Amino acid sequence: MPERARVDAFIAAVVSGDHVGAIRDFYTAEATMQENLGEPRRGREALMAHEAKALARLDRMHTHQPRAVLVDGDHVVVHWVFDAIGKDGSARRLEELAIQRWEGDRIAEERFFYDTASSWREVEAPVSGKRNG
């Protein structure tokens, strides 16, 4: 079961823009991630490579403070909002729930739930934010 301070540290890493570092520092070696009903990605190294590749296609990713964080034993739910800013300056928003199962102080399984019909809708690009790369 994760301590709330550990969950808060994970959230701070993601909000800071260090998405790949958050995977490195907060996921188990055999962790899985799954998009809605998609096939899970497996293994921390694969998760990090996938995230780095996704971020490389963007100018930057702006991660908002979570709208809600629920901790119940080994399970954590985070209500995330991400703005992906393209190299052309366009911005698209994804709002999702991440449901995580923790083993001790690391995430072992994570599944994302979002509405595919409205995901990545266009929004005005945030002014501030850390650039990728």
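Computed from a prediction, not measured in an experiment: that's the story for all the values here.

### Observations regarding the side chain of Gln-34
If you trace the backbone, Gln-34 turns up in strand 1 (residues 27-35). Judged by its relative accessible area of 17%, Gln-34 is buried. Within the structure, Gln-34 has its side chain in polar contact with the backbone oxygen of Gly-38 (distance 2.9 Å). Those residues in contact with Gln-34 that sit more than four places away from it in its chain are Pro-40, Glu-110, Arg-111 and Phe-112.

### Focus: the environment of Val-76
For Val-76, the location among the structural elements is in strand 5 (residues 75-86). Taking the relative accessible area as the measure of exposure, Val-76 reaches 0% and is therefore buried. Separated by 25 residues in the primary sequence, Val-76 and Arg-101 have C-alpha atoms spaced 6.6 Å apart. Discounting residues that sit within four places of it in the chain, Val-76 has contacts with Pro-2, Val-7, Val-69, Leu-70, Val-71, Ala-98, Ile-99, Gln-100 and Trp-102.

Basis of the calculations
- Residues numbered from 1 in each chain as written.
- Predicted model: local features only at pLDDT ≥ 70, side-chain atom pairs only at ≥ 80, totals over all residues.
- Heavy atoms only, no water.
- Helix = DSSP H or I, 4+ residues; strand = E, 2+ residues; numbered from the N terminus.
- Buried < 20%, exposed > 50% of the residue type's maximum accessible area, 1.4 Å probe, protein only.
- Polar contact = N/O pair within 3.5 Å; in protein donor to acceptor, adjacent residues only side chain to side chain.
- Contact = heavy atoms within 4.5 Å.

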